[in-house]
Amino acid sequence: MSAPTLTAPTFEHHHSGFGLGYSQPRISWQFVVAPDTPAGWDQKRYEIEITWSADQKVEHVTAFSRESVLVPWPARPLKSRESAVVRVRSHGKCANGSVSPTTWSPASKVEAGFLDRDDWKASFITSSTRIGPNGPLQPLRFRKEFTLDASLGEKFHARLYLTAMGVCQPYINGKPTSDEEMAPGWTSYKHRLNYRVHDVTSLLNPKEKNVISIEVAEGWYAGTLGFRGGTRFLYGDRLAALAQLEVYGDDKSTPSLVVSDESWRCARSPIQSSEIYDGEVYDAQLEDRTWSISTTSSTAKDWTPVTIVPWPSANLVAPDAPPVRITQTIEAVDLFKTKSGNTVIDFGQNLVGRIQVHKIDVPKGTRLTFKHAEVMEHGELGIRPLRLAKATDTVISAGDVIENWAPKFTFHGFRYLQIDGWPEDSPLLSKDNFAAQVMHTDLKRRGDFSCSNALVNQLYQNVIWSMRGNFLSIPTDCPQRNERLGWTGDIQVFCPTASFLFDTVGMLKDWLQDLAAEQLQEGRGGIPPFICPEIPMSGWPHMPEAIWDDIVVLTPHVLYQFSKDEQILSRQFSSMQQWLENGVKRGHDGLWDEDHWQLGDWLDPKAPPNDPSNGPTDTILVADAYLVHTTEVFTEICKVLGKADLTEKYGLQTEYLRRKFQHKYITPAGKLVSNTQTAISLAIEFSLYSGYQELSLAAHDLTKLVQKARFNIATGFAGTPIIAHALTRVHRSQLAYRMLLEKTNPSWLYPVTMGATTIWERWDAMLPDGSINPGTMTSFNHYALGSIADWLHATVGGISPDEPGWKRILVRPIPGGNITDANVSFNGPYGLISCRWKVVNGKFSMTLTIPPNSSARVFLPLDDRNDVCIDETEGQILGSGTHNLECNFEAAEWPPKRLIAPHIQPPEEDIA
């Protein structure tokens with residue numbers, strides 16, 4: 001028998017531990033079991049060894065603690081630039097009582113970035129003269145030649161600290177300093193500006209002249225943002241770069257510095273324009289291939305002086321979120337002609353990123369254009385959903401061969417690519433000459449799911465692809481049209497799903513700080529913006545909105561459920577309290593003002609195409625239900641943070657608002673006045689019914705509504721994420737399965753039957769005849785309605801956190817429909833959790849793996865009730881290890897004889 005092994009430690013929620021913005025980063029590690037690891041292995045103490053890089057001094061700390069996630073930094077604080085090597089060892093006890101230590105974990109290096117404003121010696125620089133048109137801004141190139149101090153010795157190391165007003169790509173001696181795209185990313189530039197740290201030691205020439213160069217484009221900083229024409233120059237109208245190269249010699253003392261200042265030079269880029277929405281224009285005739293290297297033939301006459309730009313008001317911050325990267329390359333699957341004779345490439349997958357052309361060899365002056373679209377409509381490129389976005393990249397040939405060309409500073413949402421201008425007789429006009437580079441924030445994958453139903457598996461893959469496409473620097477609504485904004489409602493409803501699929505904590509924690517900064521500005525009244533980073537939008541005044549603005553409470557709480565990081569809650573606490581105390585526009589009863597316009601159950605399929613808030617569910621009821629729920633969640637947060645007075649205050653407020661809701665919306669006979677699937681689901685999930693009889697009636701009414709809708713979707717943003725959960729809570733899980741498996745429009749599987757490879761914004765974004773929905777708001781890549789994956793994880797697969805941070809796992813699979821087996825896994829804070837079950841000949845069997853230092857509360861589907869009911873006892877508590885469980889299982893009959901919900905006890909006579 002052997003103890004588990006440990007993963008290399010990680011720091012905070014940072015993606016790598018390099019360039020951290022913390023002086024005392026908390027440390028985490030996971031457990032990996034071996035085939036002979038004993039069951040029930042539980043940590044009793046841990047050791048941390050820290051070796052300081054500067055002097056190789058070693059510190060060793062032992063702590064008698066079961067904690068292995070976000071444990072305190074055990075040594076003196078890190079200073080700016082300081083690094084150390086960290087490894088850990090754990091001592092645990094098995095179920096049989098024996099104590100065994102793990103081996104030492106692999107080592108991880110941690111290195112601090114700049115922790116103080118005074119660390120920056122560089123200045124922001126821009127061209128001293130206006131280059132190119134006033135808009136869109138032509139990208140700029142900056143360069144600086146230098147030689148290393150001979151006294152540095154042979155064993156030097158170098159770091160490049162940089163950011164930009166715009167998006168940038170830095171080079172040293174002609175080679176990119178990292179694989180990051182669209183750096184430094186999109187933040188609320190008035191408040192926070194990311195900087196990055198690159199290890200560039202290997203790129204420097206110790207005995208020759210070196211060149212540091214940076215190309216900067218407008219990106220989100222100066223480009224047009226927003227729909228209805230958008231806004232240009234929201235943050236500034238000049239591109240600028242900030243760079244500080246520090247080279248340390250053998251003595252590891254004072255570095256040799258190269259900083260951006262007035263000694264640098266600037267020139268126009270051969271990229272004529274590069275815009276987020278419209279795409280990039282590259283004129284190869286203007287290319288200087290020596291611009292980023294040291295050479296006597298460089299066209300120095302074309303380089304002009306730079307000028308210093310005032311330091312911005314924003315704080316420069318080291319983000320926890322990983323960079324945007326190219327994470328996958330997809331080769332084209334087909335090349336065909338449209339009805340009108342256009343040449344189109346099909347990549348077989350709707351994705352977000354950019355094209356790569358392996359080889360361009362066309363006559364000088366040839367103008368090649370590449371138009372992107374997500375779908376084909378009646379044999380032609382379906383560009384109407386792009387609205388005002390051109391989504392077109394252009395290459396103007398210099399007559400020389402160009403290898404592996406791709407645009408640098410833009411991205412598109414697309415599956416299809418129309419190529420115009422390429423000579424028809426060219427052998428390079430072939431699908432083999434084109435690839436698509438998938439681009440997104442490079443989040444670590446955590447969860448997975450599959451089952452016996454191929455269509456459901458495709459639906460699940462569609463959810464993943466939509467998340468990948470819309471987690472590009474910030475969580476966006478869509479990646480293709482002239483929008484691509486951080487709508488708060490979308491990520492609020494999708495956050496539980498997103499956080500299971502990928503490790504979102506670092507990225508969303510960063511983004512929430514931007515949201516709070518914009519919300520808490522003077523004069524905002526505690527009201528968060530609809531989108532973050534905020535941009536002005538015609539027709540969207542600054543006003544409070546349920547669901548969207550409730551994000552400031554609900555999303556930090558979701559991140560806490562996945563991480564048990566109280567610091568996230570405390571950091572966002574003022575934002576939460578300001579929203580509930582000052583932001584919500586209340587009526588005389590403490591609920592929402594009845595005259596206030598609400599987005600409500602946005603995109604209910606019964607709402608008119610151009611009026612998506614005008615669905616059948618009372619919008620104020622939706623807002624009020626969310627207000628009760630948000631206040632209750634905030635009460636829990638106050639309790640976690642030890643704020644006893646506020647816990648009591650908001651606990652009483654929750655009960656008061658719940659009674660007011662019941663008085664306002666539930667009749668004496670127990671009926672909810674807005675008799676829709678969304679309204680009843682909200683009331684069930686948010687515990688708004690006052691007793692068992694009301695809940696029983698709600699289950700009956702919801703059943704009738706689902707049947708009346710013929711199992712089609714009848715919910716929008718508010719109802720879709722929860723209806724399957726609500727049906728399961730009142731033991732109608734088989735109805736949820738029936739809805740999941742419906743194929744006619746509107747349903748989750750209808751887009752799959754239409755060939756969708758991502759989640760659509762509208763259920764019928766593509767009509768059965770192949771026409772695009774006539775509405776002006778029709779995206780083929782929106783993740784919000786993919787929140788059904790949360791139910792696939794928790795109910796079909798059967799795992800969810802039973803305690804914050806996954807220390808104890810709730811295992812409660814409920815088979816149903818035509819699904820005979822399922823497999824779900826989650827790489828949680830303590831290690832890999834997996835649950836695989838199948839039903840064969842009436843017997844349910846399950847293999848469950850629980851990582852060391854955690855446990856599970858397990859419920860099996862029972863055959864002693866007519867419904868696949870949940871046994872409301874405490875369940876079976878299992879320790880770590882692999883467990884094989886089984887029980888008899890008969891196909892569920894419906895309706896059930898009994899009804900139980902966790903928050904309401906049935907009458908005593910029903911318990912017998």
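Residues numbered from 1 in each chain as written. Predicted model: local features only at pLDDT ≥ 70, side-chain atom pairs only at ≥ 80, totals over all residues. Heavy atoms only, no water.

### Re the overall build of the protein chain
Working step 1: Scanning the protein chain from N- to C-terminus turns up 15 helices and 46 strands.
Working step 2: For the protein chain, the C-alpha atoms occupy an extent of roughly 95 × 70 × 60 Å along the three principal directions.
Working step 3: When the 912 residues of the protein chain are sorted by exposure, 62% land in the buried category.
Working step 4: For the protein chain, restricting intrachain contacts to residue pairs at least 6 apart in sequence, the fraction spanning at least 24 positions comes to 75%.
Working step 5: For the protein chain, the computed accessible surface area is about 33,400 Å², with 49% contributed by carbon and sulfur atoms. (Helix = DSSP H or I, 4+ residues; strand = E, 2+ residues; numbered from the N terminus. Buried < 20%, exposed > 50% of the residue type's maximum accessible area, 1.4 Å probe, protein only. Contact = heavy atoms within 4.5 Å. Areas by Shrake-Rupley, 256 points an atom, 1.4 Å probe, with all protein chains shown as cover.)

### So, the packing of aromatic side chains
Working step 1: The tally for this structure, following the rule as stated, stands at 40 aromatic pairs.
Working step 2: Aromatic pair F114 and W120: ring centres 4.8 Å apart, planes at 90°, arrangement edge-to-face. Each of the two residues, F114 as well as W120, counts as buried.
Working step 3: With a centroid separation of 5.8 Å and an interplanar angle of 50°, the aromatic rings of F471 and Y783 are classed as tilted. Of the two residues, F471 is situated in strand β37 (residues 471-472) and Y783 in the loop between α13 (750-753) and α14 (788-797); the sequence distance between them amounts to 312 residues. (Phe/Tyr/Trp six-rings, centres within 6.5 Å; stacked < 30°, edge-to-face > 60°.)

### Here we look at helix α8 (residues 644-665)
Working step 1: A rise of 1.5 Å per residue sets the reference length of α8, with its 22 residues, at 32 Å; its end C-alpha atoms lie 31 Å apart and thus fit the reference within 8%.
Working step 2: Along α8, the residues that are buried comprise T647, Y650, T654, L657, R658, F661, Q662 and Y665. Projected down its long axis, α8 carries its buried residues within an arc of 135°, all on one side. For α8, the exposed residues set more than 90 degrees away from the buried face come down to D645, E648, L652, R659 and H663.
Working step 3: Buried residues belonging to α8 abut α6 (566-583) and α7 (619-640). (Expected span 1.5 Å × (residues − 1). Arc of directions from axis to C-beta.)

### Topic: the sheet that holds strand β42 (residues 831-840)
Working step 1: With antiparallel pairing, 5 strands are arranged side by side in an open sheet as β36-β41-β42-β43-β46. What marks the edges here is a single partner per strand, and that holds for β36 (447-451) and β46 (881-888). For this sheet, the mean inter-axis angle between neighbouring strands, taken without regard to orientation, is 10°.
Working step 2: In the sheet, strand β41 (residues 821-828) pairs with β42 via 8 bridges, with the strands oriented antiparallel. Its bridge partner being in β42, D821 is matched across the sheet by K838.
Working step 3: Here α14 sits on the sheet in contact with β36, β41 and β42, set at roughly 65° to β36. (Pairing = 2+ DSSP bridges. Axes fitted to C-alpha atoms, helices over the stretch in contact; angles between N-to-C directions.)

### Focus: the pairing of strand β10 (residues 108-112)
Working step 1: Most of β10 is tucked away: 4 of the 5 residues are buried.
Working step 2: Where strand β8 (residues 83-93) meets β10, 4 bridges bridge the pair, whose relative direction is antiparallel. Its bridge partner lying in β10, V85 is registered against K109.

### Overview of the pattern of salt bridges
Working step 1: For the structure on display, the rule yields 48 salt bridges.
Working step 2: Ionic pairing is found between E632 and R658, a salt bridge with its closest N-O pair at 3.2 Å. Of the two residues, E632 sits in helix α7 while R658 sits in helix α8, which places them 26 residues apart along the sequence.
Working step 3: Classification of E632 as partly exposed rests on a relative accessible area of 26%.
Working step 4: Since its relative accessible area comes to 8%, R658 is described here as buried.
Working step 5: A network of salt bridges, in which partner residues are shared, links R141, E215, E287 and K408. (Salt bridge = Lys/Arg side-chain N within 4 Å of Asp/Glu carboxyl O.)

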